2 protein chains.
Amino acid sequence: MAKRNPGPGPGRLYLVGTGPGAAEHLTPAARTAIESADCLIGYRTYLELLPPELRGGKEIIASEMMKEVARGRQALELAEQGRVVALISGGDPGIYAMAGLVFELARERGSPAIIEVVPGIAALNACAARLGAPLMHDFAAVSLSDLLTPWELIEKRLQAAAVADFVTVIYNPQSKRRTWQLARAREIFLEERAPETPVGIVTAASRPDEKITLTTLADLEGQEVGMQSTVIIGNSQSYCWNNLLITPRGYGNKYNLESNGA
Amino acid sequence: MAKRNPGPGPGRLYLVGTGPGAAEHLTPAARTAIESADCLIGYRTYLELLPPELRGGKEIIASEMMKEVARGRQALELAEQGRVVALISGGDPGIYAMAGLVFELARERGSPAIIEVVPGIAALNACAARLGAPLMHDFAAVSLSDLLTPWELIEKRLQAAAVADFVTVIYNPQSKRRTWQLARAREIFLEERAPETPVGIVTAASRPDEKITLTTLADLEGQEVGMQSTVIIGNSQSYCWNNLLITPRGYGNKYNLESNGA
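**Points about helix α7 (residues 151-163) of chain B**
Stage number 1. Helix length check: α7 of chain B, at 13 residues, gives a terminal C-alpha distance of 18 Å against a target of 18 Å (1.5 Å per residue), a fit within 8%.
Stage number 2. The first or second residue beyond α7 of chain B is Asp165 of chain B, which carries a positive phi of 60°.

And the structure:
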């Protein structure tokens, strides 16, 4: 049975991240939010990855990719009518995802809906786990999508990350339309970091077609990288062992396995 | 009943993150790993946060803080003896946490144990969700702990993050011994970013004593920040609305709510 918010006031909108892949990374908090909703809205693929028992008895509004604004607005409208809505996305809605857009739309509308973000396992958490332990030290996340961000600023960030020896997680590295940006990022890193710096590529993390590649900055060109890929470039201390990408917790003479630093 | 790996070969070591707080962010994958283990090892506080049914029938090895190396080594030794071990930590073991240390120790020992990282909801995911949507654009994570990292490098990273307009997540911002570093970080950001840049402080995210503070770079000094706090500094576009910290998905004239960019 679809539940309806009984009161006359505004309802509630949960922004829920299902993590990578299917249900194994769906947190209890996310599950509870979905169960409490009478309407699920989201990109079709993410809705279809949900366990069937979470979809039953609810209104399901599946939309296509690239309709984020319409989707966010519709979710808000339904919540404003008193519904309990869960807007479903993969990963974490709080990292390069729907949460910001929904708040921007809510502010624009002066929406009275109660909005809650339920965090999820983001691509960076999932890909790091599959690669070993690349994110043991300071890191930067940079998206190569220049649809909403000037490319000059993206280059500036890549340079800053390279110069300051950040481990760097690259979102949206490549697609059919985004063809040269990753090669340019590689050039920028090669100005600051050794060609043998390890690089991990994780495609479709935790899904049946998952693919993990360990390579180096030198050999990054020509690797298979797509829409579902995240690329992690190690820092100057990162190394490969046993087909894993590992970044030590510290630096050179400050670091000693016998010590017990935090 | 404690399960034992029946074979004569090495066992398995799961590095499991329980997320923030109690069980509401413990993923099914983390739960399955814990259930399959015959021995749980970890810092006492995290073990005590586990649901009781996950602790029953297992050997429990609780250790004190600051004993990470001994804890990691013991976990490996048990797995090498054929045990199935879950090394439990809060947050995500793959982000500034135990995973890297365990792999370093395993490499040093030439350990044959099978090691698997199970990702969790890290402080940055949890704190971002509680603040609204600060991580909608490129961000950097910087730890202010200089126990294993030269302070000069930490300053260099803060400067790079400030100059390149990264949203910045500050780990280990302050403690009894770490008293001046956050003030210095604030100075560095004030050289590049406006005094009214919004800053969020989340302490003990998702726990009963959770505290959320929204302030600005100008007013950051004097705020209550401790061992359990994470600080998120907005980028030049971030703003506060409805007691939330929001970073837009894009920049100025590239950005339009009517458009449908990815």
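**So, the interface of chain A and chain B**
Stage number 1. Facing 79 residues of chain A, the contacting portion of chain B comprises 79 residues.
Stage number 2. Carbon and sulfur atoms make up 61% of the area that chain A and chain B hide from each other, which totals about 7,300 Å².
Stage number 3. Here chain A and chain B share 4 salt bridges between them.
Stage number 4. Our count for the contact surface shared by chain A and chain B stands at 27 residue pairs in polar contact (both at pLDDT 80 or more).
Stage number 5. Sorting elements by how many residues they give to the side of chain A that touches chain B places helix α5 (residues 98-109) of chain A first, with 9 residues.
Stage number 6. In terms of residue class, the side of chain A that touches chain B is built from 47 nonpolar, 16 polar and 16 charged.
Stage number 7. Bridge count between strand β7 (residues 139-143) of chain A and strand β7 (residues 139-143) of chain B: 3 bridges; the pairing is antiparallel. Within β7 of chain B, the residue paired with Ala140 of chain A across the bridge is Ala140 of chain B.

**Considerations on the packing of helix α4 (residues 68-80) of chain B against helix α5 (residues 98-109) of chain B**
Residues and elements named next belong to chain B.
Stage number 1. At their nearest, the axes of α4 and α5 sit 9 Å apart, and the two run at 60° to each other. Accordingly, the angle class assigned to the pair α4 and α5 is oblique. For the element pair α4 and α5, the recorded crossing hand is right-handed. Along its contact with α4, which presents Glu68, Val69, Arg71, Gly72, Arg73, Leu76, Glu77 and Glu80, the element α5 presents Met98, Leu101, Val102, Leu105, Ala106, Glu108 and Arg109.
Stage number 2. Here the residues of the contact of α4 with α5 are counted per class, giving 7 nonpolar, 1 polar and 7 charged.

**Describing the sheet that holds strand β12 (residues 239-241) of chain B**
Stage number 1. Here 3 strands make up an open sheet; going across it, the order is β6-β13-β12 (chain B) and the pairing mixed. If you trace the sheet from one side to the other, it starts and ends with β6 (132-133) and β12 of chain B, each paired once.

**What to know about the nonpolar core**
Stage number 1. Judged by nonpolar contacts, the single largest core of 46 residues is most densely connected at Leu144 and Leu158 of chain A together with Leu144 and Leu158 of chain B.
Stage number 2. The contact partners of Leu144 of chain A, leaving out residues within four places of it in the chain, are Trp151, Ile154, Leu158, Ile170, Tyr171, Asn172, Pro173, Arg178, Gln181, Leu182 and Ala185 of chain A.
Stage number 3. If you look at the next biggest cluster of nonpolar residues, it comprises 36 residues, including Leu135 and Val169 of chain A together with Cys127 and Ala205 of chain B.

**Section: the packing of helix α7 (residues 151-163) of chain A against helix α8 (residues 181-190) of chain A**
Residue and element names in this part refer to chain A.
Stage number 1. Packing of α7 against α8 brings their axes to within 9 Å, and their N-to-C directions diverge by 35°. Taken as a pair, α7 and α8 cross one another with a handedness that is right-handed. Contact residues: α7 offers Trp151, Glu155, Leu158, Gln159, Ala161 and Ala162, while α8 offers Gln181, Arg184, Ala185, Ile188 and Phe189.
Stage number 2. Taken together, the residues of the contact of α7 with α8 sort by class into 7 nonpolar, 2 polar and 2 charged.

**Here's the deal with the relation of the copies chain A and chain B**
Mapping between the two copies of the chain is achieved by a rotation about an axis and a shift along the axis.
Stage number 1. By a simple turn and slide, chain A fits onto chain B: the slide is 0.0 Å along the axis, the RMSD is 0.0 Å, and the turn is 180°. When the rotation and shift are considered jointly, the pair of chain copies conforms to a two-fold rotation axis.
Stage number 2. A share of 100% of interface residues in chain A that are also interface residues in chain B marks the association as one of identical surfaces.

**Section: unusual backbone geometry**
Stage number 1. Backbone geometry places Ser206 of chain A, a non-glycine residue, at a positive phi of 65°.
Stage number 2. One can find Ser206 of chain A in the loop between β9 (198-203) and β10 (211-216).
Stage number 3. Take Ser206 of chain A: its relative accessible area is 21%, and that puts it in the partly exposed class.
Stage number 4. Within the chain, Asn172 of chain B stands out as a residue other than glycine whose phi angle is a positive 50°.
Stage number 5. Residue position: Asn172 of chain B is located in the loop between β8 (167-171) and α8 (181-190).

**A few points about the environment of Arg44 of chain B**
Residue and element names in this part refer to chain B.
Stage number 1. Note on placement: Arg44 falls in helix α2 (residues 44-49).
Stage number 2. In sequence terms Arg44 and Ser63 are 19 residues apart; their C-alpha atoms lie 5.5 Å from each other.
Stage number 3. In contact with Arg44, not counting residues within four places along its chain, are Ala62, Ser63 and Glu64.

Cut-offs and rules
Residues numbered from 1 in each chain as written. Chains lettered and ligands numbered in written order. Predicted model: local features only at pLDDT ≥ 70, side-chain atom pairs only at ≥ 80, totals over all residues. Heavy atoms only, no water. Helix = DSSP H or I, 4+ residues; strand = E, 2+ residues; numbered from the N terminus. Expected span 1.5 Å × (residues − 1). Contact = heavy atoms within 4.5 Å. Buried area = accessible area lost by both parts, 1.4 Å probe. Salt bridge = Lys/Arg side-chain N within 4 Å of Asp/Glu carboxyl O. Polar contact = N/O pair within 3.5 Å; in protein donor to acceptor, adjacent residues only side chain to side chain. Nonpolar A, V, L, I, M, F, W, Y, C, P; charged D, E, K, R; others polar. Pairing = 2+ DSSP bridges. Axes fitted to C-alpha atoms, helices over the stretch in contact; angles between N-to-C directions. Parallel < 35°, antiparallel > 145°, perpendicular 65-115°, else oblique. Left-handed = near helix turned anticlockwise from the far one by under 90°. Core = buried A, V, L, I, M, F, W, Y, C linked by side-chain atoms within 4.5 Å. Buried < 20%, exposed > 50% of the residue type's maximum accessible area, 1.4 Å probe, protein only. Least-squares fit on C-alpha atoms with pLDDT ≥ 70 in both.

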